[in-house]
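Descriptive structure summary
The primary structure of each chain is shown beneath.
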Amino acid sequence: MIDLSPELITILMLGGVFVGLMTGYPLALVIGGIAMVVGFTVFGPNVANVIYSRSSELMIGYIMLAVPLFTFMGNMLEYSGITERLYDALYLWLGRVRGGLALTTLLIGTIMAATVGIIAASVTMLALVGFPSMVKRGYDKSLASGAVCAGGTLGILIPPSIMLVIYGPMAGISVGKLFFGAFMPGFLLSALYMIYVAIRCYLEPQLGPPVPAEERTVPLGKKITMVLTSMVPPVILVLSVLGVIYMGIAPPTEAAGMGALTATLLVIAYRRFSWKVLWQASFGTFTLCGFVLAIGALAFAFTGIFISSGCGDVVKRVVMAAPGGKWGIFLIIQFVIFILGFFIDWIGIVFIMVPIMTPIAVELNFDPVWFAIMVCVNLQTAFMTPPFAAAIFICKGAVPAEYNLTMAEVIRGVIPYVVLILVGLALCVAFPEIILWLPNAMIKPL
């Protein structure tokens, strides 16, 4: 063992993560390796017990069972055909206005966010269904790809969200309260996105022309029937998950089981079920959950070494000494999260930063639910800020090759939405009830 000051350990661990990420190694290996090396240097062979106890604490956490269940629910819905039916119904109503198909894409992204909750699935579905439909009708490719990325990423914020399931245990906050705290900010971002598209297409009609009249010539009764029938499955799924949580019937883990069952029954009802679909949904669940739990277990060990070495107090002293009082400190925290989103997946940011940030937020007397949702809203930018920018790469890869979509076009398309997320953050600061009203109205606290 070597006697190192907490300040030096802080520099070694945080600097080591930054350098390790620049080498291109997976985040789980980087943070796990740093935890092992620094932990052995500081605590000696006993570090193995620290890493094991911290990792197992996360792995056996009951609430974490909701992660594979919500993931399976989203994967099953990817094969259900619900997105295609919604698009066919809504474009008949919105196609007549400028930018109507982009508005349809954002609206479907909002609806699917309350049912899927997996970024890869949401962005892929919108890229395959919405992007070709827009470009074939003369839409600008940057506008179309931006709508796909922005609409698809809402699923990580609007419940049921895997991000919130993971964040809750890290911060010691009820996942149910986080779910209901995220609803209004998620809808706020969706509204800001649609207002932006409507205004921009009004000012520049060539970016999003209306759908030709002959494509919209459908009897009113049929259009109403299409909308109602396409909306029923998402409503059923939302009620089966979020309804039982809000009414106090079941906590999030059991609600996730209900959601997985309901999604499977919907796939069967739409005659899309097969053993191949079940295998693909299950394999996708195993893959994503293995990735999440690998990062989670090693990040939990990393933060255990970090805090046990006194590094948490070092960070706290540095942050609390920042100018501007509590709001100056809040802005610094949000800025750090925003910058980390350029380089690290949201999973790593949550597992590493939340145990460090939460005590600071408590000392500053911020409402824990409000602070948590503000962090999660900020993390929306991580999906659309290169070089990491998962949504950009998923959209680019999912769009059929014949459309010749370039990375530069996607990046130009998402920049306005990153700015709008920052606007949404400012509105939630000015009007905290956007986040707090619904959790405070819950029938039964969880």
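This text follows the structure it describes.
Rules and cut-offs
- Residues numbered from 1 in each chain as written.
- Predicted model: local features only at pLDDT ≥ 70, side-chain atom pairs only at ≥ 80, totals over all residues.
- Heavy atoms only, no water.
- Axes fitted to C-alpha atoms, helices over the stretch in contact; angles between N-to-C directions.
- Helix = DSSP H or I, 4+ residues; strand = E, 2+ residues; numbered from the N terminus.
- Parallel < 35°, antiparallel > 145°, perpendicular 65-115°, else oblique.
- Left-handed = near helix turned anticlockwise from the far one by under 90°.
- Contact = heavy atoms within 4.5 Å.
- Nonpolar A, V, L, I, M, F, W, Y, C, P; charged D, E, K, R; others polar.
- 1 Å grid on protein atoms, 1.4 Å probe; cavity = no way out; pocket = protein on both sides within 12 Å on 5 of 7 lines; lining within 4 Å.
- Points joined across faces, edges and corners; volume = space filled by probe spheres on them.
- Buried < 20%, exposed > 50% of the residue type's maximum accessible area, 1.4 Å probe, protein only.
- Core = buried A, V, L, I, M, F, W, Y, C linked by side-chain atoms within 4.5 Å.
- Phe/Tyr/Trp six-rings, centres within 6.5 Å; stacked < 30°, edge-to-face > 60°.
- Lys NZ or Arg CZ within 6 Å of the ring centre and 35° of its normal.

Relative to each other, helix α10 (residues 175-203) and helix α19 (residues 407-430) sit at 135 degrees, their axes nearing to 10 Å. By the angle between their axes, α10 is oblique relative to α19. Seen along the crossing, α10 lies across α19 with a hand that is right-handed. Facing Pro 185, Leu 188, Leu 189, Leu 192, Tyr 193, Tyr 196 and Val 197 of α10, the residues of α19 in contact are Pro 416, Tyr 417, Leu 420, Ile 421, Val 423, Gly 424, Leu 427 and Cys 428. Residue composition of the contact of α10 with α19, by class: 14 nonpolar, one polar and no charged.

Taken as a whole, this structure holds one cavity of 30 Å³ or more when the rule is applied. If you add up the space inside the largest cavity, you get close to 50 Å³. As for the largest cavity, its lining consists of Tyr 167, Ala 171, Ile 173, Thr 358, Ala 361, Pro 368 and Phe 371. For the lining of the largest cavity, the class distribution of residues is six nonpolar, one polar and no charged.

Another aspect to go through is the environment of Ala 401. Residue position: Ala 401 is located in the loop between α18 (390-398) and α19. In this structure the C-alpha to C-alpha distance between Ala 401 and Gly 296, which are 105 residues apart in sequence, comes to 35 Å.

Moving on, we come to the packing of α10 against helix α17 (residues 368-378). The geometry of α10 relative to α17 is characterised by a closest axis approach of 10 Å and an angle of 45 degrees between their N-to-C directions. By the angle between their axes, α10 is oblique relative to α17. Crossing angle aside, the handedness with which α10 passes α17 is right-handed. Between α10 and α17, the contacting residues are Lys 177, Leu 178, Gly 181, Ala 182, Pro 185 and Leu 189 on the first element and Val 369, Ala 372, Ile 373 and Val 377 on the second. In terms of residue class, the contact of α10 with α17 is built from eight nonpolar, one polar and one charged.

Time to look at the side chain of Thr 262. Relative to the assigned elements, Thr 262 resides in helix α12 (residues 252-269). Residue classification places Thr 262 among the buried positions, given a relative accessible area of 11%. Aside from chain neighbours lying at most four places away, what touches Thr 262 is Ile 236, Leu 237 and Ser 240.

Below, the discussion takes up the nonpolar core. One finds Ile 166, Tyr 167, Tyr 193, Phe 371, Met 384 and Tyr 417 to be the most contacted residues of the largest nonpolar core, which totals 164 residues. If one sorts the elements of this core by residue count, α10 sits on top with 13 residues. Those residues in contact with Met 384 that lie beyond four places of it in its chain are Cys 149, Ala 150, Thr 153, Tyr 193, Ala 389, Ala 391, Ile 392, Val 414, Tyr 417, Val 418 and Ile 421.

We describe a pair of aromatic rings using the distance from one ring centre to the other and the angle between the two ring planes. Applying the stated rule across the entire model yields 19 aromatic pairs. Taken together, a centroid distance of 6.2 Å and an interplanar angle of 65 degrees make the contact between Phe 273 and Trp 275 edge-to-face. Ring plane angle 25 degrees and centroid distance 5.6 Å describe the contact between Phe 366 and Trp 370, whose orientation is recorded as stacked. Considered together, Phe 366 and Trp 370 belong to a single accessibility category, that of buried residues. One cation-aromatic arrangement involves Lys 326 over Phe 366; the distance from NZ or CZ to the ring centre is 4.5 Å.

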